[in-house]
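Inside the fold
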Amino acid sequence: MLIKSKKRSELSENELTSEQSYLSRRDALKKFGIAAAALPVAHNANADLFGFFSGDDDKKQTKAFKRDVLTAKKTDYGQSLTMTPEKKILTYNNFYEFGTGKTDPVDNSQGFVVDPWKLEVTGLVNKPLTLNYQDLLSRFPIEERRYRMRCVEAWSMNIPWLGFPLSELLKAADPLGSAKYVAFETLYDPKQMPGQASSFTGGGIDYPYVEGLRIDEAMHPLTLLSVGLYGKTLAPQNGAPIRLVVPWKYGFKNIKSIVKIHLLEKKPPTTWNILARHEYGFYANVNPEVDHPRWSQGSERFIGEGTVFSSQRQKTLMFNGYAEEVASLYSGMDLTREF
Ligand SMILES: Nc1nc2c(c(=O)[nH]1)N[C@H]1C(S)=C(S)[C@@H](COP(=O)(O)O)O[C@H]1N2
Ligand SMILES: [Mo]
């Protein structure tokens with residue numbers, strides 16, 4: 001039996017996801033001139049070895065999850081941004097419920113069941129709601145929004161999301177005046193999510209993964225509930241069937257595979273803050289001037305076309321480039337203290 005060790009829970013997201021191990025895996029492949037296809041087929045006994053080599057771009061998925069075409073209204077958001085290739089968005093992920101490696105989510109989630117699904121909106125609302133899978137895709141008009149995404153680990157992507165404003169859902173639930181915060185919860189199902197079944201695989205996180213926003217952040221027009229990307233429904237590794245997207249905050253706020261949205265009066269606990277509160281704040285607003293205790297947040301590696309080695313470093317922007325829209329939410333706050 002794996003026992004959660006204190007040491008492990010003190011490790012940072014950066015150490016746990018180990019971008020370095022992703023790089024060195026590829027490095028090793030290049031160095032030895034090995035193509036993934038030439039490797040012996042793995043069975044369970046050497047799944048780790050297989051995992052080690054599976055970072056290669058040319059790797060074929062055995063049986064990919066089926067994503068449905070989703071029609072969406074085009075919008076002006078992010079039309080000048082260069083999108084990250086779809087394949088990268090689908091194969092370089094953080095979703096610790098499926099493992100801490102960057103390719104673990106795609107490798108371990110293809111059988112994930114998204115229909116039937118139940119998303120509950122509860123707490124300080126006049127009209128509690130329960131949405132099933134079809135409701136998620138059809139109850140609110142779907143639009144496309146091209147947003148920047150900045151992970152706290154200092155890499156970034158630009159992603160054409162499909163979804164609807166969280167505010168639409170919250171308005172339908174009719175919040176009470178006393179609702180000051182919104183809490184979110186990911187599905188808890190260790191049978192489907194190996195990281196929830198094993199503390200080692202799941203990076204020492206206490207599941208379910210939880211997140212939260214202040215009510216004004218939740219109601220902000222940029223805040224999206226995403227049900228798709230690149231013209232299709234979400235793949236499990238990206239948080240199917242529904243995940244949060246708050247483009248001015250670090251990626252870990254974008255909680256995946258949500259089953260519960262709860263309105264409340266007090267600030268809710270949030271997963272990475274519980275794990276290392278000196279490193280990951282509740283707000284997690286992208287801020288190039290407030291470094292992570294162990295690395296700079298001044299720049300980021302943008303994941304675009306080409307290999308991970310040719311990817312570009314670019315300056316990180318205040319509020320991830322959305323300052324004009326959101327800075328007023330934080331006026332008068334000391335962003336060094338409330339990070
Ligand atoms: N439930 C859950 N949601 C999660 C995570 C996770 O591990 N579990 N990782 C977060 C982090 S750190 C990032 S950067 C984004 C990554 O989203 P993507 O893999 O779709 O790009 O998801 C966020 N949402
Ligand atoms: Mo992240």
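Residues numbered from 1 in each chain as written. Chains lettered and ligands numbered in written order. Predicted model: local features only at pLDDT ≥ 70, side-chain atom pairs only at ≥ 80, totals over all residues. Heavy atoms only, no water.

For the chain, the name recorded in an unreviewed UniProt entry is Protein-methionine-sulfoxide reductase catalytic subunit MsrP, with Veronia pacifica as its organism. Reading the Subunit (unreviewed entry) entry of the UniProt record for the chain gives the comment "Heterodimer of a catalytic subunit (MsrP) and a heme-binding subunit (MsrQ)." Taken from UniProt, the Sequence similarities (unreviewed entry) comment for the chain reads in full: "Belongs to the MsrP family." (UniProt positions renumbered as here; feature names shortened; annotations may be inferred.)

**Regarding the confidence of the model for the chain**
On average, the chain scores 87 in pLDDT, and the residues at 70 or more come to 82%. Low pLDDT, under 50, characterises residues 1–12; the predicted model gives this stretch 17 contacts beyond four residues in sequence or across chains. This model gives residues 15–61 a pLDDT under 50, and the stretch forms 63 contacts once residues within four places in sequence are excluded. (pLDDT = per-residue confidence, 0-100. Contact = heavy atoms within 4.5 Å.)

**Notes on unusual backbone geometry**
The amide bond that connects Tyr207 to the next residue, Pro208, takes the cis arrangement and shows omega of 5°. Take Pro208: it is sitting in the loop between helix 9 (194–197) and strand 6 (210–214). The linkage connecting Ala240 with the following residue, Pro241, adopts the cis geometry, with an omega of 0°. Inspection of the secondary structure puts Pro241 in the loop between strand 8 (232–233) and strand 9 (243–245). The phi dihedral of Asn320 falls on the positive side, at around 55°, and the residue is not glycine. (Helix = DSSP H or I, 4+ residues; strand = E, 2+ residues; numbered from the N terminus.)

**Focus: the packing of aromatic side chains**
Enumeration over the complete set of coordinates arrives at 14 aromatic pairs. When the ring of Tyr77 is compared with that of Tyr147, the centres are 6.1 Å apart and the planes differ by 90°; the resulting orientation is edge-to-face. Placement of Tyr77 in the loop between helix 4 (47–53) and helix 5 (86–91) and of Tyr147 in strand 3 (residues 143–150) is noted, with a sequence separation of 70 residues between them. Tyr77 gets classed as partly exposed once you look at its relative accessible area, which sits at 28%. Both rings, one in Trp272 and one in Tyr280, keep their centres 5.4 Å apart while their planes meet at 65°; by these two values the pair is edge-to-face. Accessibility classification places Trp272 together with Tyr280 in one group, the buried group. The lysine or arginine in question, Arg145, covers the ring of Tyr77, its NZ or CZ lying 4.2 Å from the ring centre. (Phe/Tyr/Trp six-rings, centres within 6.5 Å; stacked < 30°, edge-to-face > 60°. Buried < 20%, exposed > 50% of the residue type's maximum accessible area, 1.4 Å probe, protein only. Lys NZ or Arg CZ within 6 Å of the ring centre and 35° of its normal.)

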